[in-house]
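What follows is the residue order along each chain.
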Amino acid sequence: MMTIEMRRRDAAEPAGEDASVPPRKGHASLRAGRGTPPHAGKDALPRTIGDFPLPDAVRREHDDAEWNAAVPAAGPAASSPPQKANHAQLLARAQPSAQEGPMSQAKISVSNFDFYYGTAKVLHGINLDIPDRKVTALIGPSGCGKSTFIRSINRMNDIIPDARASGTITIDGQDVYGGNADVVELRRRVGMVFQKSNPFPKSIYDNVAYGLRIGGMRNKRQLDEVIERSLTRAALWHEVKDRLHASALALSGGQQQRLCIARALAVDPEVVLMDEPASALDPIATSKIEELIYDLKENYTIVIVTHNMQQAARVSDRTAFFMLGRVIEYAETNEIFMNPKEKMTEDYVTGRFG
Ligand SMILES: Nc1ncnc2c1ncn2[C@@H]1O[C@H](COP(=O)(O)OP(=O)(O)OP(=O)(O)O)[C@@H](O)[C@H]1O
Ligand SMILES: [Mg+2]
């Protein structure tokens with residue numbers, strides 16, 4: 001069977017066990033510890049997205065000039081807000097602004113993607129280009145198809161009886177639903193973290209080693225290295241390094257979620273899908289996950305579903321607003337929260353419905 005030719009950043013690496021865990025760009029912030037953001041010394045401007053305070057993680061993404069241009073009160077857009085379509089007009093139109101806004105290189109391209117559970121069509125003509133090494137947030141009311149969509153990216157929906165997809169999703173130009181696609185390899189490249197952390201009833205070490213061993217890695221020294229690197233990337237190493245052989249189930253909920261992230265990272269994915277990864281966590285654990293997401297985008301393409309508007313504003317570069325199985329608006333996160341083109345988006349992000 002022909003496999004999907006996965007573009008790897010380690011193409012020059014020799015084949016063998018190590019090839020499944022190539023070195024990536026350094027995680028300086030993780031290795032050196034947190035709390036020293038690049039702009040820490042800057043005098044911060046008062047910045048908000050709508051009613052949401054904008055934290056350092058988002059602020060440091062924008063230089064002051066960009067930000068000033070984007071603040072509604074400071075720009076001409078504030079005096080002439082864009083005309084907003086009403087809900088009926090919007091649903092009658094096909095994804096009006098799904099392709100607007102600047103886009104860096106697309107890692108994942110979704111084109112005319114439909115999804116059915118039996119005869120129920122739950123995704124309608126989705127078009128999205130998801131940029132490489134950025135965080136893309138999917139927001140929208142319950143039942144609008146966010147989980148169905150995110151699970152479509154690594155074909156997690158394949159196991160659902162009578163489920164059917166049409167249209168295309170490509171990763172680095174390779175059709176993930178193509179006849180020759182290798183689903184096992186796809187899921188290695190595209191890791192997933194779920195709402196409810198799901199560690200195996202094994203040790204911390206064995207959880208992270210799981211996918212590596214399935215992939216054939218047996219050398220203890222190599223395993224040790226990759227496990228330390230994965231736990232470090234998941235910002236968990238320092239909390240567990242002295243009890244790697246204790247049960248994963250003895251970790252706190254937030255630690256378990258970071259362990260699941262470490263497990264996903266261990267097999268060297270390029271994309272990490274996260275479906276409400278922090279919705280069951282307390283604010284401190286949530287902020288750890290958010291910091292982690294922010295740091296991970298240096299090396300990974302992240303797609304995150306969240307019901308938490310502040311979280312979407314804090315962690316993401318681009319946001320897609322889903323409604324009734326359609327993408328209503330997709331743009332830079334600042335645009336979605338500060339200057340949405342569609343009234344329905346504005347109503348949702350300001351909490352008028354959903
Ligand atoms: N396994 C399934 N079989 C049949 N219908 C399903 C299945 N999973 C989801 N659906 C339906 O598909 C639609 C989209 O569901 P989905 O779980 O993708 O929404 P969501 O946006 O993730 O919602 P939430 O925010 O509540 O998690 C809903 O109408 C749901 O009832
Ligand atoms: Mg869901």
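Figured I'd write up the structure that's included with this text. If you're wondering where the values come from, they're calculated on a predicted model, not measured in any experiment.

### Concerning the packing of aromatic side chains
In total, this model carries five aromatic pairs according to the counting rule given. Between the aromatic rings of Phe115 and Tyr117, the centroid separation amounts to 5.1 Å while the plane-to-plane angle is 70°, which identifies the pairing as edge-to-face. Residue classification places Tyr117 among the partly exposed positions, given a relative accessible area of 26%. When the ring of Phe321 is compared with that of Tyr348, the centres are 5.1 Å apart and the planes differ by 25°; the resulting orientation is stacked. With a gap of 27 residues between them, Phe321 in strand β11 (residues 318-323) and Tyr348 in helix α14 (residues 343-349) connect regions that are remote in the sequence. Each member of the pair, Phe321 as well as Tyr348, carries the same accessibility label: buried. Between the NZ or CZ atom of Arg164 and the centre of the ring of Tyr116, over which it lies, the distance is 4.1 Å. Its guanidinium or amino end placed over the ring of Phe200, Arg263 lies 4.1 Å from that ring's centre, counting from NZ or CZ.

### Digging into the sheet that holds strand β9 (residues 271-275)
In space, the six strands of this open sheet follow the order β8-β9-β10-β5-β11-β12, with mixed pairing throughout. Of all the strands in the sheet, just β8 (190-193) and β12 (326-332) have a single pairing partner and so form its edges. Ignoring strand direction, the axes of neighbouring strands in this sheet form an average angle of 15°. Where β11 lies against β12, six bridges are found, and the strand directions are antiparallel. Within the sheet, the bridge partner assigned to Phe322 lies in β12 and is Val327. The strands that helix α11 (residues 283-296) touches are β5 (135-139), β9 and β10 (301-305); relative to β10, the one it contacts most, it runs at about 145°.

### Quick word on the environment of Asp175
Looking at the secondary structure, you find Asp175 in strand β7 (residues 174-175). Exposure remark for Asp175: the relative accessible area of 30% places this residue in the partly exposed category. Along the backbone, Asp175 and Ser109 are 66 residues apart, and their C-alpha atoms lie at a distance of 9.3 Å. At a separation of 2.9 Å, a polar atom in the side chain of Asp175 contacts the main-chain amide nitrogen of Tyr177.

### Considerations on unusual backbone geometry
Not every positive phi belongs to a glycine, and Asp172 is a case in point at roughly 50°. Position of Asp172 relative to the elements: it lies in the loop between β6 (163-171) and β7. Of note, the phi angle at Ala235 is positive, near 60°, even though the residue is not glycine. Positionally, Ala235 belongs in the loop between α8 (220-233) and α9 (237-240). Look at Ala235 and you get partly exposed, because its relative accessible area is 23%.

### A word on the nonpolar core
The biggest cluster of nonpolar side chains holds 52 residues, and the ones touching the most others in it are Ile139, Leu231, Ile261 and Met274. Per element, the largest residue contribution to this core is six residues, and it comes from helix α10 (residues 253-266). If near-sequence neighbours (up to four positions away) are discounted, Leu231 is found in contact with Ile204, Val208, Leu236, Trp237, Val240, Leu244, Leu259 and Ala262. Counting residues in hydrophobic clusters, the runner-up holds 27 residues, among them Phe115, Val176, Val271 and Val303.

### A word on the site of ligand 1
Close to ligand 1 lie 13 residues; Ser142, Gly143, Lys146, Thr148 and His307 are nearest. The separation between an oxygen atom of ligand 1 and a polar main-chain atom of Gly143 is 2.8 Å. At 2.7 Å, a side-chain N or O of Lys146 approaches an oxygen atom of ligand 1. For ligand 1, the protein covers 60% of the area, taking 640 Å² as the surface of the free molecule. Considering each element in turn, the shell around ligand 1 owes the most residues, three residues, to helix α5 (residues 146-153).

### What to know about the environment of Val271
Topologically, Val271 is positioned in strand β9. The exposure class of Val271 is buried, given its relative accessible area of 1%. Between the alpha carbons of Val271 and Lys107 there is a distance of 8.6 Å; along the sequence they are 164 residues apart. Setting aside anything within four residues of it in sequence, one finds Val271 in contact with Lys107, Ile108, Arg189, Val190, Gly191 and Thr301.

### Considerations on the sheet that holds strand β4 (residues 120-131)
Read across the open sheet, the four strands follow the order β4-β3-β6-β7; overall the sheet is antiparallel. Of all the strands in the sheet, the pair left with one neighbour each is β4 and β7. Note that β6 and β7 share two bridges and pair antiparallel. The residue bridging Thr170 from the neighbouring strand is Asp175, located in β7.

### Here's the deal with helix α7 (residues 204-214)
Among all positions of α7, only Ile204, Tyr205, Asn207, Val208, Ala209 and Leu212 are buried. In the segment just after α7, Gly216 is the residue with positive phi, at about 105°.

### As for the pattern of salt bridges
Tallied over the full model, the rule gives 18 salt bridges. For Glu270, the salt bridge identified is with Lys107, shortest N-O distance 2.7 Å. One end of the pair, Glu270, is in the loop between α10 and β9; the other, Lys107, is in strand β3 (residues 106-117), and 163 residues separate them in sequence. Residues Glu270 and Lys107 agree in their burial class; the two are buried. Here Arg318 and Glu332 are joined by a salt bridge, their closest N and O atoms 3.0 Å apart. In this pair, Arg318 is assigned in strand β11 and Glu332 in strand β12, connecting sequence segments 14 residues apart. One network of salt bridges, in which partners are shared, links Lys107, Asp172, Arg189 and Glu270.

So, how was this worked out
Residues numbered from 1 in each chain as written. Chains lettered and ligands numbered in written order. Predicted model: local features only at pLDDT ≥ 70, side-chain atom pairs only at ≥ 80, totals over all residues. Heavy atoms only, no water. Phe/Tyr/Trp six-rings, centres within 6.5 Å; stacked < 30°, edge-to-face > 60°. Buried < 20%, exposed > 50% of the residue type's maximum accessible area, 1.4 Å probe, protein only. Helix = DSSP H or I, 4+ residues; strand = E, 2+ residues; numbered from the N terminus. Lys NZ or Arg CZ within 6 Å of the ring centre and 35° of its normal. Pairing = 2+ DSSP bridges. Axes fitted to C-alpha atoms, helices over the stretch in contact; angles between N-to-C directions. Contact = heavy atoms within 4.5 Å. Polar contact = N/O pair within 3.5 Å; in protein donor to acceptor, adjacent residues only side chain to side chain. Core = buried A, V, L, I, M, F, W, Y, C linked by side-chain atoms within 4.5 Å. Near = heavy atom within 4 Å. Areas by Shrake-Rupley, 256 points an atom, 1.4 Å probe, with all protein chains shown as cover. Salt bridge = Lys/Arg side-chain N within 4 Å of Asp/Glu carboxyl O.

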